[in-house]
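# Geometric and topological summary
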Amino acid sequence: MKDYDSEQIGRLLRLLPPAPQAWVQAAQELPAARAALDELVARAERDAAFRQELEADLERALADAGYQGSPSVVSRLHRLQESVEEAELG
Amino acid sequence: METAEQSDAQLVARCRAGEPDAWNAFVERFSRYVYAICSRGFRLGREDAEDVFQEVFARAYEKLAELRSDDAVLPWLAQLTRRLCIDRLRMLTRHASDATEPDEHAADEELRSLDDAIAVRAALDAMGDPCRDLLDRFFCRDESYRTIGEALNLPAGTIASRISRCLAKIRADLMEGAGGSARLEE
């Protein structure tokens, strides 16, 4: 181990500030978000009417499925939905 | 055993076993490092850094079972973050008129400093509170003596001397390579 003086220790500690709490929370919610998303996709594949609801209003469909995600997770799901739509069109 | 005392390998094993709260602890433990690579190493803007940060943990969650050595989770995350940052920068430069390739060399220099920072951070975590809380507030959260004193109900002058003692202890722990045993004497 290097022999750091107090100033160097302080400088190195400053290199690792905490990540924004909302980012950490969103990453921690990933397993739940994935489970909710898997469930939503499976249901959308079985149920055309539900798929339309999902495409029309993702937040509402999520809420109806019993999942209350943080704004950043919902935003991530939006982007995922958009990329799926782009892939389907392209 | 408290989560902070668990090795990276133990934490990865708990995640893989699907233990409750293990994933939360995993994100908590490595979030500073991933964040620092995105924001300091590659200097991504806030929105891009957030996208990469989330993508790193999404892929880590998916691929954790494929990790060859549980002890190697830190370099694995570093490599994953590095790759995704470069991908993001390349994507951004494709859309920019003054497109330049990402400076991987400069980023790697910064990443080496972050590896040293991780070692110091691990020693701090092993020391536990009150040193961990005190040094984290002062160095990582940029809180003033006064703010820390108000939060901990201590005079500002006492905060300065405790920070100094904690730094001496963490330095001793780093030299011994022991970590974990030191506690700030009240």
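Please refer to the structure higher up on the page.
Here is what the cut-offs are and how they apply
Residues numbered from 1 in each chain as written. Chains lettered and ligands numbered in written order. Predicted model: local features only at pLDDT ≥ 70, side-chain atom pairs only at ≥ 80, totals over all residues. Heavy atoms only, no water. Helix = DSSP H or I, 4+ residues; strand = E, 2+ residues; numbered from the N terminus. Buried < 20%, exposed > 50% of the residue type's maximum accessible area, 1.4 Å probe, protein only. Contact = heavy atoms within 4.5 Å. Core = buried A, V, L, I, M, F, W, Y, C linked by side-chain atoms within 4.5 Å. Salt bridge = Lys/Arg side-chain N within 4 Å of Asp/Glu carboxyl O. Disulfide = S-S within 2.5 Å.

Right, let's get into the overall build of chain A. Secondary structure summary: chain A contains six helices and zero strands in total. Of the regular secondary structure in chain A, the N- to C-terminal order runs α-α-α-α-α-α. For chain A, buried positions account for 36% of its 90 residues. Considering only contacts in chain A between residues 6 or more positions apart, those separated by 24 or more positions represent 51%.

F26, F42, F53, F57 and I170 of chain B are the most contacted members of the largest nonpolar core, which totals 68 residues. Sequence-distant contacts of F42 of chain B, defined by excluding residues within four places in its chain, comprise I37, R82, C85, I86, L89, A107 and L111 of chain B. Counting residues in hydrophobic clusters, the runner-up holds eight residues, among them L40, L54, L62 and V74 of chain A.

Another point: the pattern of salt bridges. Two side chains of opposite charge can pair, provided their charged atoms sit close to one another. Residues and elements named next belong to chain B. Under the criterion given, the structure shown has 15 salt bridges over all chains. In this structure, D133 engages R137 in a salt bridge whose closest nitrogen and oxygen atoms are separated by 3.1 Å. With D133 and R137 both in helix α6 (residues 131–140) and four residues apart, the pair spans about one turn of that helix. Residue classification places D133 among the partly exposed residues on the basis of a relative accessible area of 27%. The residue R137 makes a salt bridge to E143 at a minimum N-O spacing of 3.0 Å.

Okay, the state of the cysteines next. All names here are of chain B. What the rule picks out here adds up to one disulfide over all chains. The partner cysteine of C131 in its disulfide is C166, sulfur to sulfur 2.2 Å. Here the S-S torsion is close to -85°, and the disulfide linking C131 with C166 is therefore left-handed. Here the residue C131 occupies a position in helix α6, and C166 occupies one in helix α8 (residues 156–176), the gap between them amounting to 35 residues. The class of C166 is buried, set by a relative accessible area of 0%. Counting only cysteine sulfurs, C38 is the nearest neighbor of C15, a cysteine outside any disulfide, at a range of 19 Å. On the basis of relative accessible area, C15 is assigned to the buried category, the value being 15%. This cysteine, C140, is not joined by any disulfide, and C166 carries the nearest cysteine sulfur, 13 Å off.

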